[in-house]
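Residue-level structural notes
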Amino acid sequence: MAKRQTRRSISVKGITYQRLKNFCESPGMSVSGYLEDIIAARLDEAHVPVPERVDPRPEPALKAPGDPDQIISQHFTF
């Protein structure tokens, strides 16, 4: 796995995702690839420029030592 996660996420309704998944399964496309192609085409049509760089996600704030949430997160992935 990459040291730094570069993917971002979006949410859609469950029914929309299922329709999309069903549509993509028959020709063997990936859902993410299909969506990226559609989104890129629409942005190109709208003449939205491609950024030269993508800003990294901000680092999460560190919790104080002894914080129970920090201790648990060191041992388990949720």
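What you see is a predicted model; the values in this text were computed from it and never measured. Numbering of residues starts from 1 in every chain and runs along the sequence as written. Per-residue local features are limited, in this predicted model, to residues with pLDDT of at least 70; the limit for side-chain atom pairs, both in listing and counting, is 80 or more; totals at the level of whole chains, interfaces and linings are taken over all residues. Calculation of side-chain values draws on the structure's entire complement of heavy atoms; hydrogens and water are dropped beforehand.

Bringing the packing of aromatic side chains into the picture now. Each Phe, Tyr or Trp ring (for Trp, its six-membered ring) is paired with any other whose centre lies within 6.5 Å, and the angle between the two planes then decides the class: stacked below 30 degrees, edge-to-face above 60, tilted in between. If you walk through the whole model with that rule in mind, you get one aromatic pair. Residues Phe23 and Tyr34 carry aromatic rings whose centres are separated by 5.2 Å and whose planes lie at 50° to one another, so their mutual orientation is tilted. Separated by eleven residues along the polypeptide, Phe23 in helix α1 (residues 14-25) and Tyr34 in helix α2 (residues 31-45) bring together distant segments of the chain. Helical segments are the DSSP runs of H or I of at least four residues, strand segments are the runs of E of at least two, and each set is numbered from the N terminus.

Every definition here rests on a 1 Å grid over the protein atoms only: cavities are sets of points where a 1.4 Å probe fits but cannot get out, pockets are open sets enclosed by protein on both sides within 12 Å along at least five of seven lines, and lining residues have some atom within 4 Å of a point. Grid points are joined across faces, edges and corners, and a volume is the space filled by probe spheres set on the points. There is about 680 Å³ of room inside the largest pocket. For the largest pocket, the lining is made up of 21 residues, of which Arg7, Ile10, Leu35, Glu36 and Ile39 are closest to its centre. Contributing elements (two or more residues each) for the lining of the largest pocket: α1 and α2. It is α2 that provides the largest number of residues to the lining of the largest pocket, a total of eight residues. Nonpolar residues are Ala, Val, Leu, Ile, Met, Phe, Trp, Tyr, Cys and Pro. Charged residues are Asp, Glu, Lys and Arg, and all others, Gly as well, are polar. For the lining of the largest pocket, the class distribution of residues is 14 nonpolar, three polar and four charged.

What follows is about a nonpolar patch on the surface. Patches here are clusters of residues that have more than 30% relative accessible area and form no salt bridge, with a 9 Å joining cutoff for like charges and a 5 Å cutoff for nonpolar side chains (Val, Leu, Ile, Met, Phe, Trp, Tyr). What sets the accessible areas is the Shrake-Rupley method with a 1.4 Å probe; for residues, cover comes only from the shown protein chains. By definition here, a salt bridge exists when the distance from a side-chain nitrogen of Lys or Arg to a carboxyl oxygen of Asp or Glu is within 4 Å. On the surface, Ile10, Val12 and Tyr17 cluster together to form a nonpolar patch covering roughly 310 Å² of accessible area. Of note, Ile10 is situated in the segment before α1.

We now examine the packing of α1 against α2. Fitting a line to C-alpha atoms yields each axis, with helices limited to the stretch in contact; the angle taken between N-to-C directions then spans 0 to 180 degrees. Taken N-terminus to C-terminus, the directions of α1 and α2 make an angle of 100°; their axes are 9 Å apart at the nearest point. Here α2 runs roughly perpendicular to α1, going by the angle between their axes. Along the contact surface, α1 presents Tyr17, Leu20, Lys21, Phe23 and Cys24, while α2 presents Val31, Tyr34 and Leu35. Class assignment of the residues belonging to the contact of α1 with α2 gives a composition of seven nonpolar, no polar and one charged. In what follows, roughly perpendicular refers to angles from 65 to 115 degrees, roughly parallel to angles under 35, roughly antiparallel to angles over 145, and oblique to any angle outside these ranges. Throughout, a contact is declared for two residues whenever any of their heavy atoms are within 4.5 Å.

Now for α2. One less than the residue count of a helix, multiplied by 1.5 Å, gives the span that helix is expected to have. In this model α2 runs 21 Å from its N-terminal to its C-terminal C-alpha over 15 residues, within 8% of the 21 Å that 1.5 Å per residue would give. Remark: His47 follows α2 within two positions and exhibits a positive phi of approximately 60°.

Our focus in this paragraph is the pattern of salt bridges. Going through the model one piece at a time under the given rule, you end up with three salt bridges. With a closest N to O distance of 3.2 Å, Lys21 and Glu25 form a salt bridge. Here Lys21 pairs with Glu25, and both are found in helix α1, just four residues apart, close to one helical turn. Measuring nitrogen to oxygen at the nearest pair gives 3.0 Å for the salt bridge that ties Asp55 to Arg53.

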